[in-house]
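Here are the chains, one letter per residue:
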Amino acid sequence: MFVADHPFSAPLPHQAQSAAVQPGLATLAAGEVAPCWQATISSTPVLLAAKVREMARVQKLNATGAYISQFGKGAVSAPSDVKVDSLGNIYVADAPNNRVQKFDSSYKFLLQFGSFGPNDGQFLSVLGLCLDASDNVYVIDRASNRVQKFHSSGGFLWSSGSGGLGDGQFTQAYGCAVSGTTVYVCDLSASRIQLLSTVDGAFQSKFSIAGRSAFPAVAPDGSLFVSAFSANTVVQVAADGTLLASFSGQPADFAPFGVAVVQSDGGGAPLVVAVTDYSKSAIYFFQRILIPSPPPPPSPSPAPPSPSPPPPPPFPPRPSPSPPPPSPPPPPPSPSLPPPPPRPSPPKPPRPSPRPQPPEPKSRPPPPRPHPPPRPTAPVCRTQNALCVRSADCCPRFVCKALVSGRAGYCQPCRAIGQACSSLNPCCPQLRCERVGTGSVCSLAGARRALRHHEAMNVNGHA
């Protein structure tokens, strides 16, 4: 970020405010997200010297206000605005000399254009600058209320505007900004912004600002940040002038002037807007904090209608039942004899009582199944440096080597057939160390001879 130190921009020489965080003021016309702005005053001192030529300079600061470098001392008299194109070249509006100077990224002078006068390519009081996507330069001439367009090489293209309150006229043209094919020009005294075409400068539309507007800046989303100088606020408006938000620094004598978007939110970073304070020669950094509005309460859904029973299937009508046939008349009573007297029934013998059934034997639980005997586990052999008593305790290719005879030892690698052996390097089991020439090697034949000798000694001992 580049800042132009104008020698006439502050009434008294003093130092900028120290670093502090101040609450911002947020107002929102409509929307689901309310941008709340908080301001941080730059801790970088902006010293105003008594000598005008020493103070006229352009400073380069980072996004937090820390000083990086500067240039322009002795080359510019009173820089009123500064812009950087897509190649890193820097354009400086030099107000007293009525010219625009161009420097490269290493601050080397490249060219200048403009002179004093009312004609095309001339200025009476150069003030604001803005660039489009093709690096064309738009220059605001405050005294003649004109906007002039130049090529990046300094060639004049067109001029638009004059003094007055009509469309395309200005009472005090100040700063400008370009978005697409539209130039936004602040008319300070009329508290409005006019939209001109970048092709030929023709008037497009206009909208009012609550406060005297000085400088605008375009955000990545196409909205516009405008410094409302007399209202002590910075407003954010849409491209058609609809108010989106407004915020201010503290204390109440905050006088916003220059505005720049120093960090965009295209890659997820918070949007940071830098605002110069005319009255205190300080820079405010405003950071947007998104506060989502609470979701609306869910509306009660109507209860689903109860399903009506399906109509009965159509059945053919049942035939009416036929009346039953008439019953025949009862026969006439025949004369009968009187009934015989009832015979006495013989007494029934008493039923024998059922024999008591023996109780059912209780079912015994099945005997527990014997657990299988544990499987014999193979003895675990011992490897190198493991404690042992005899060579059988060690794994194959190892022998138990005792440091003191008759005591426990350690498993050590043994020598195989044909390898050199000694008392310190014994042979593996089934082998014997046999002297061959000047040395000794492990041999199976030597082991067999020792075995036969041992058997012969046992036979002779039993004979």
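Procedures and definitions
Positions within a chain are numbered from 1, following the residues in the order the chain's sequence is written. Per-residue local features of the predicted model are confined to residues with pLDDT of at least 70, and side-chain atom pairs are confined, for both listing and counting, to 80 or more; whole-chain, interface and lining totals are unaffected and use all residues. The side-chain numbers reported here are obtained from all heavy atoms of the structure, hydrogens and water having been left aside. Numbered from the N terminus, helices here are DSSP runs of H or I no shorter than four residues, and strands are runs of E no shorter than two. A simple rule labels every residue: compare its accessible area, found with a 1.4 Å probe on the protein chains alone, to the largest value its type can have, and call it buried under 20%, exposed over 50%, or partly exposed in between. Whether two residues touch is decided by their heavy atoms; if any such pair falls within 4.5 Å, the residues are in contact. To measure how exposed things are, a 1.4 Å probe is used in the Shrake-Rupley method; for residues, cover is taken only from the protein chains shown. We call a pair of cysteine sulfur atoms a disulfide whenever their separation is within 2.5 Å. Aromatic rings from Phe, Tyr and Trp, with only the six-membered ring used for Trp, were paired whenever their centres fell within 6.5 Å, and each pair was classed as stacked if the ring planes differed by under 30 degrees, edge-to-face if by over 60, and tilted otherwise. In short, DSSP must find at least two bridges between two strands for them to pair. Comment: axis = line fitted to C-alpha atoms, over the contacting stretch for helices; angle = value between 0 and 180 degrees taken between N-to-C directions. Basic side-chain nitrogens of Lys or Arg form a salt bridge, by our definition, when they fall within 4 Å of a carboxyl oxygen of Asp or Glu. Residue-level confidence of the predictor, termed pLDDT, takes values from 0 up to 100. Definition of a polar contact: a pair of N or O atoms within 3.5 Å, with one able to donate and the other able to accept a hydrogen when the atoms are protein atoms, and with sequence-neighbouring residues admitted only if both atoms are side-chain atoms.

### Regarding the overall build of the protein
What the protein contains, in helices and strands, is 2 helices and 29 strands. Taken over 463 residues, the protein has a buried fraction of 37%. Partitioning the contacts of the protein with sequence separation of at least 6, the portion at a separation of at least 24 is 41%. Of the roughly 28800 Å² of accessible surface on the protein, a fraction of 60% belongs to carbon and sulfur atoms.

### A closer look at the state of the cysteines
Put plainly, two cysteines are in a disulfide when a covalent bond ties their sulfur atoms together. Counted by the stated rule, this structure contains 7 disulfides. The disulfide partner of C130 is C176, and the S-S distance across this bridge is 2.2 Å. Judged by the sign of its S-S torsion, about -110°, the cystine formed by C130 and C176 is left-handed. Taken together, the residues span a long stretch of sequence, with C130 in strand 10 (residues 126-131) and C176 in strand 14 (residues 173-179) at a distance of 46 residues. Covalent S-S linkage joins C394 and C411, the inter-sulfur distance amounting to 2.0 Å. Its S-S torsion of about -85° marks the bond between C394 and C411 as left-handed, since a negative value means left-handed. Of this pair, C394 sits in the loop between strand 25 (387-388) and strand 26 (398-401) while C411 sits in strand 27 (residues 409-413); the two residues are 17 residues apart in sequence, bridging distant segments of the chain.

### What to know about the packing of aromatic side chains
Inspection of the entire model under this criterion finds 13 aromatic pairs. Pairing F71 with F103 gives two aromatic rings, centres 5.1 Å apart and planes at 65°, and the pair type is edge-to-face. Here the residue F71 occupies a position in strand 5 (residues 67-71), and F103 occupies one in strand 8 (residues 99-103), the gap between them amounting to 32 residues. With relative accessibility at 9%, the residue F71 sits in the buried group. Pairing F123 with F150 gives two aromatic rings, centres 5.8 Å apart and planes at 55°, and the pair type is tilted. Of the two residues, F123 sits in the loop between strand 9 (109-113) and strand 10 while F150 sits in strand 12 (residues 146-150), which places them 27 residues apart along the sequence. On the basis of relative accessibility, which here comes to 0%, the residue F123 falls in the buried class. Three or more aromatic residues joined by ring pairs form one cluster here, namely F71, F103, Y107 and F109.

### Points about the sheet that holds strand 14
With antiparallel pairing, the 4 strands of this open sheet are ordered in space as 14-15-16-17. Lying at the two open borders of the sheet, with one neighbouring strand each, are strand 14 and strand 17 (203-208). The sheet shows a mean angle of 20° between the axes of neighbouring strands, taken without regard to direction. One ladder, built from 5 bridges, connects strand 16 (residues 192-197) with strand 17; its direction is antiparallel.

### A look at the sheet that holds strand 9
What the 4 strands build is an open sheet, ordered 6-7-8-9; its pairing is antiparallel. Looking at which strands have only one partner, the edges of the open sheet turn out to be strand 6 (79-84) and strand 9. Adjacent strand axes in the sheet meet at a mean angle of 20°, parallel and antiparallel pairs treated alike. In this sheet, strand 8 lies alongside strand 7 (residues 90-94) in antiparallel orientation, the contact comprising 5 bridges. Bridging across to strand 8, V92 finds its partner in Q101.

### Comments concerning unusual backbone geometry
You will see that Y107, though not glycine, has its phi angle at about 70°, which is positive. Using a relative accessible area of 21% as the deciding quantity, one classes Y107 as partly exposed. With phi around 50°, S191 is a residue other than glycine that occupies positive phi space.

### Side note on the pattern of salt bridges
Going through the model one piece at a time under the given rule, you end up with 7 salt bridges. For K83, the salt bridge is made with D81, and the minimal N-O distance between the two is 3.0 Å. One salt bridge connects D393 with R390, and the closest N-O pair in it is separated by 3.8 Å. Overlapping salt bridges, with partners in common, bring together D120, D141 and R146 in one network.

### Comments concerning the confidence of the model for the protein
The share of residues in the protein with pLDDT of 70 or more is 67%, and the mean pLDDT across the chain is 75. Predicted confidence for residues 8-54 stays below pLDDT 50, and this span has 123 contacts to residues more than four positions away or in other chains.

### What to know about the side chain of S197
Note on placement: S197 falls in strand 16. Of note is the side chain of S197, whose polar atom sits 3.2 Å from the backbone nitrogen of V199. Dropping the residues within four chain positions of it, S197 is found in contact with W158, T181, A202 and Q204.

### Thoughts on the pairing of strand 6
Two strands pair when backbone bridges link them, and strand 6 and strand 7 are joined in this way by 5 bridges, in the antiparallel orientation. In the strand pairing of strand 7, K83 is matched with Y91.

### Here we look at the side chain of T182
Mapped onto the secondary structure, T182 falls in strand 15 (residues 182-187). For T182, the side chain forms a polar contact with the side chain of Q204, separated by 3.2 Å.

### Quick notes on the environment of C414
Looking at the secondary structure, you find C414 in the loop between strand 27 and strand 28 (432-436). Placed 18 residues apart in sequence, C414 and P396 show a C-alpha to C-alpha distance of 8.8 Å. With residues up to four places along the chain from it excluded, the contact list for C414 reads R397, F398, V399, Q419, P426, C427 and C428.

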